[in-house]
Amino acid sequence: MSKYVLALDQGTTSSRAILFGKDGRIVASAQQEFEQIYPQPGHVEHDPEAIWSTQLETARSAMSQAGVSAGDLAAIGVTNQRETTVLWDRDTGRPVGNAIVWQSRQTASICDRLKADGLEDTFRRKTGLVVDAYFSGTKIKYILDAHAGLRARAERGEILFGTVDSFLIWRLTGGRVHVTDYSNASRTLIYNIHTLDWDDELLKVLDIPKAMLPEVKPSSHIYGETDPELLGGAIPISGNAGDQQAATFGQGCFTPGSAKNTYGTGCFLLLNTGSKPVASSNGLLTTIGWGIGGEVTYCLEGSVFIAGAVVQWLRDGLGLIQSAAEIETLAKKVPDCGGVYVVPAFVGLGAPYWNQNARGTIVGITRGTSREQLARAALESMAYQSRDVLDAMQQDAGLTLNALKVDGGASANNLLLQFQADLLQVAVDRPVVQETTAMGAAYLAGLAVGFWKDQSDVSANWALDQRFEPGGDRDALDARYADWKRAVGRSLDWQQ
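Note that the coordinates shown come from a computational prediction; the quantities given were computed from them, not determined experimentally. (Residues numbered from 1 in each chain as written. Predicted model: local features only at pLDDT ≥ 70, side-chain atom pairs only at ≥ 80, totals over all residues. Heavy atoms only, no water.)

Peer 1: Would you mind going over the overall build of the protein in detail, with residue names and values included?
Peer 2: Counting its regular elements, the protein contains 17 helices and 23 strands. The globule rule puts the C-alpha radius of gyration for 496 residues at 23 Å, and the 21 Å found for the protein is close to it. For the protein, the spread of C-alpha atoms along the principal axes amounts to about 60 × 55 × 45 Å. Counting over 496 residues, the protein shows a buried share of 61%. Partitioning the intrachain contacts of the protein with sequence separation of at least 6 by distance along the chain shows that 73% fall at a separation of at least 24. Of the roughly 17900 Å² that the protein leaves accessible, carbon and sulfur atoms contribute 46%. A distance of 1 Å separates the average location of the 44 positive side-chain charges in the protein from that of its 56 negative side-chain charges. (Helix = DSSP H or I, 4+ residues; strand = E, 2+ residues; numbered from the N terminus. Rg over C-alpha atoms; globule rule 2.2 N^0.38 Å. Buried < 20%, exposed > 50% of the residue type's maximum accessible area, 1.4 Å probe, protein only. Contact = heavy atoms within 4.5 Å. Areas by Shrake-Rupley, 256 points an atom, 1.4 Å probe, with all protein chains shown as cover. Lys, Arg positive; Asp, Glu negative; His and termini not counted. Charge placed at Lys NZ, Arg CZ, Asp CG, Glu CD.)

Here you go:
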């Protein structure tokens, strides 16, 4: 009998592999960081070979730690940084060049032209997304435009496109399977979330050949098996979802009205809206959560580009801290940020502003401003951005949230979560197992092969670590939030 499910969690700054038992607990895990490439300001790239090698090595390492073989694994689930775009040669499997990362702004001019041509409403109506450099569609066009003859090769099916999940599954199956799932497809700006198909009109607008696109399948589905040489045997690959949708599934947000917030490199708040898409009039995205058992679940999403990455900036860019964990200790040394606000618009602002020309701003600095206050202001920026999103979300969905489930690296920070609960006036729930992105991928994979029986089986595994009840002076908190909004106003359209 197979005892475990292996989740491959390919993130923006690192690749992880986690083995889960039937109780949803972690048996073994491995993680490797890889290089972030910044060719010029606002541009972010990855080497796809570094993504592949770190992901394969962590999978082998996790299996080795636990002393398990391929025969002990019921299935593999894949979850990935979404929107990051890879093009590769069908015959050799080699990437055309670096992957353009979701954060990258290098297709902003393409987006500006689409808007000037009056096409934003068409894209929004069909895909649920806004026209922004965040999404994959304009990245594909950019790469095809940049290489002479590449588009003609793509039309002949010689060049393939995929988000990171597609690239990994292609490599894992030895080049036999070119596939993605509903959730990842819904982030490309070329997938119609109503007809569940690549949209011919949008493909024509962006001049993207259909022959290069992966087949779209449910998120819980047996896509194929691993090449036996990679992990010591043929293992079913049967789960796939973009990282934020996977985290929502891993948090057990199966009923309409349930929501989670992930504090990772960015910050992503998703609300389950059920079997029908809800259009946003407040700057949110309408996206597919997952497809399973013949049904598609939709979500409203608020995407914040820079959350935990602001802590990395304090560490690597300013040398203010030596490790990310230090920020809570530093921030706790002061009762507040002393009127300082950090708007981490390093690559523009996402929801609900969608201002790709915004840039990072620090306001309220005086001669007395301390490093502790700057650290606290950076930390609080995550909570302020989350309130921006949740306020918009509650207006769109016409509901008031009772509790917010949280996960991601920064969710270990008690100071952040208490401030978040106070600012939202909503209880914040942190689960025992916080690797919910990997867990969601594991659940989707395990359900497809019968390792877990159904979603109630999955829900029973969720356990609360700590609940942060809202408190604080509401008037004072609202005044601070109003100052945050003023600070955001200073950052908008800085890049001309």
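Peer 1: An account of helix α15 (residues 436-449) is needed here, citing residue identities and associated values.
Peer 2: Relative to the 20 Å expected for 14 residues at 1.5 Å per residue, α15 spans 20 Å between its end C-alpha atoms, a close match to the ideal helical length. Counted residue by residue, α15 has twelve buried out of 14 residues, so it is predominantly covered. Within the span of α15, buried status applies to T436, T437, A438, M439, G440, A441, A442, Y443, L444, A445, G446 and L447. Of the residues one or two after α15, G450 is the one with positive phi, at around 80°. (Expected span 1.5 Å × (residues − 1).)

Peer 1: Requested: an account of the environment of L477, with residues and values cited.
Peer 2: By the secondary structure assignment, L477 is in helix α17 (residues 474-491). In the structure, L477 is positioned 45 residues away from V432 in sequence and 29 Å away in space, judged by C-alpha atoms. When near neighbours in sequence (up to four residues on either side) are disregarded, L477 contacts F419, D422, L423, Q425, G471 and G472.

Peer 1: Lay out the sheet that holds strand β21 (residues 403-407) with the relevant residues and their values.
Peer 2: Each strand in a sheet pairs with another by means of backbone hydrogen bonds, the pair being arranged parallel or else antiparallel. With respect to topology, seven strands assemble into an open sheet ordered β17-β18-β16-β15-β21-β22-β23, the strand pairing being mixed. For this open sheet the edge positions go to β17 (285-292) and β23 (464-468), each flanked by a neighbour on one side alone. Mean inter-strand twist for the sheet, computed between neighbouring axes without regard to direction, equals 30°. Bridge analysis of strand β15 (residues 259-263) against β21 gives three bridges, and the strand direction is parallel. Note on β21: the bridge partner recorded for K260 is K405. (Pairing = 2+ DSSP bridges. Axes fitted to C-alpha atoms, helices over the stretch in contact; angles between N-to-C directions.)

Peer 1: Account for unusual backbone geometry, naming residues and giving values.
Peer 2: In this structure, P352 follows A351 across a cis peptide bond, with omega equal to -5°. Secondary-structure assignment places P352 in the loop between β19 (341-343) and β20 (361-363). Positive phi outside glycine occurs at E83, with the angle close to 70°. Looking at the secondary structure, you find E83 in the loop between β5 (73-80) and β6 (85-89). With a relative accessible area of 2%, E83 lands in the buried category. Its identity is not glycine, yet L189 carries a phi of approximately 75°, on the positive side. Position of L189 relative to the elements: it lies in the loop between α7 (182-185) and β10 (191-192).

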